[in-house]
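# Topology and contacts: notes
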Amino acid sequence: MTRDMQVTFDAADPRRLGAFWAEVLGYVTMPPPAPHETWEAALAAWGVPRERRDDAWALVDPEGSGPRIYFQKVPEGKQGKNRVHLDVRAAPGLQGEERTAALAAEADRLVALGAVVLEHRAPEPPLGAGHVVLADPEGNEFCLD
């Protein structure tokens with residue numbers, strides 16, 4: 001039996017981090033449940049105090065194939081290296097200079113959105129094709145592959 005899953009990020013600012021990842025992945029904000037037109041209306045109807053309305057944020061794949069991504073507010077900051085990270089497939093099937101150029105262009109786009117490049121890893125034949133290690137605006141490491 002297969003199961004649905006979601007990826008959850010602890011965050012200082014769930015909405016801001018969600019906006020970053022929406023741009024990275026081409027995801028959209030999860031729509032509010034009917035009959036609510038907006039999340040603000042839904043949260044108000046449910047009696048969520050204003051100061052708690054930014055405690056969580058969720059993204060969904062607009063094509064419906066990828067997992068939901070959930071951002072939850074936590075009081076502590078990130079500490080240490082991630083034990084699990086996302087690999088964003090920015091150059092699947094590309095080789096050599098074409099791959100390097102595609103990864104560099106995507107890294108530049110993500111840096112403009114708030115990412116930080118941590119490391120460029122050169123190809124390690126026969127299996128490694130090279131990748132770029134980045135951190136999102138809250139320091140979570142991820143790779144462009």
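Our subject in this report is the structure included herewith. Note that the structure is predicted; figures quoted are calculated from it, not measured.

## Points about the overall build of the protein
Within the protein one finds three helices and eight strands. The order of helices and strands in the protein, counted from the N terminus, is β-α-β-α-β-β-β-α-β-β-β. For the protein, with 145 residues in total, the buried portion stands at 30%. Taking all contacts inside the protein whose residues are at least 6 apart in sequence as the whole, residues at least 24 apart take part in 61%. When the accessible area of the protein is evaluated, it comes to approximately 9400 Å², of which 53% is carbon and sulfur surface. Looking at the protein, you have 15 positive and 23 negative side-chain charges, and the mean spots of the two groups are 5 Å apart.

## Here we look at the pattern of salt bridges
The full count for this structure, using the stated rule, is nine salt bridges. In this structure, Glu141 and Lys78 form a salt bridge, with 3.4 Å as the shortest nitrogen-oxygen distance. One end of the pair, Glu141, is in strand S8 (residues 141-144); the other, Lys78, is in the loop between strand S4 (68-73) and strand S5 (86-88), and 63 residues separate them in sequence. On the basis of relative accessible area, Lys78 is assigned to the partly exposed category, the value being 34%. For Glu106, the salt bridge identified is with Arg109, shortest N-O distance 2.8 Å. Residue Glu106 and its partner Arg109 are both found in helix H3 (residues 96-113); the two are separated by three residues, about one turn of the helix.

## Some points on the sheet that holds S5
The four strands are arranged S5-S8-S7-S6 in an open sheet whose pairing can be described as mixed. The sheet is open, and its two edges are formed by S5 and strand S6 (116-121), each paired on a single side. The sheet shows a mean angle of 25 degrees between the axes of neighbouring strands, taken without regard to direction. Across four bridges, strand S7 (residues 131-135) lies against S8 in antiparallel orientation. Note on S8: the bridge partner recorded for Val132 is Leu144. Along the sheet face, helix H1 (residues 14-25) touches S5 and S8 and points at about 45 degrees away from the line of S5.

## Describing the packing of H1 against H3
At a minimum axis separation of 10 Å, H1 and H3 run at an interaxial angle of 160 degrees. When the interaxial angle is binned, H1 and H3 end up roughly antiparallel. Judged by the sense of rotation from one axis to the other, the crossing of H1 with H3 is right-handed. Facing H1, whose interface residues are Phe20, Glu23 and Val24, H3 presents Glu106, Arg109, Leu110 and Leu113. Tallied by class, the residues present in the contact of H1 with H3 amount to four nonpolar, no polar and three charged.

## What to know about the sheet that holds strand S3 (residues 56-60)
Judged by pairing direction, the sheet is mixed, and its four strands sit side by side in the order S1-S4-S3-S2 without closing on themselves. The open sheet terminates on both sides in strands that have one partner only, identified here as strand S1 (6-11) and strand S2 (28-29). In this structure, S1 lies alongside S4, joined through six bridges in parallel fashion. Paired with Phe9 across the bridge in S4 is Phe71.

Quick notes on the rules
Residues numbered from 1 in each chain as written. Predicted model: local features only at pLDDT ≥ 70, side-chain atom pairs only at ≥ 80, totals over all residues. Heavy atoms only, no water. Helix = DSSP H or I, 4+ residues; strand = E, 2+ residues; numbered from the N terminus. Buried < 20%, exposed > 50% of the residue type's maximum accessible area, 1.4 Å probe, protein only. Contact = heavy atoms within 4.5 Å. Areas by Shrake-Rupley, 256 points an atom, 1.4 Å probe, with all protein chains shown as cover. Lys, Arg positive; Asp, Glu negative; His and termini not counted. Charge placed at Lys NZ, Arg CZ, Asp CG, Glu CD. Salt bridge = Lys/Arg side-chain N within 4 Å of Asp/Glu carboxyl O. Pairing = 2+ DSSP bridges. Axes fitted to C-alpha atoms, helices over the stretch in contact; angles between N-to-C directions. Parallel < 35°, antiparallel > 145°, perpendicular 65-115°, else oblique. Left-handed = near helix turned anticlockwise from the far one by under 90°. Nonpolar A, V, L, I, M, F, W, Y, C, P; charged D, E, K, R; others polar.

In short, the description is geometric, and any link to function would need to be established separately.
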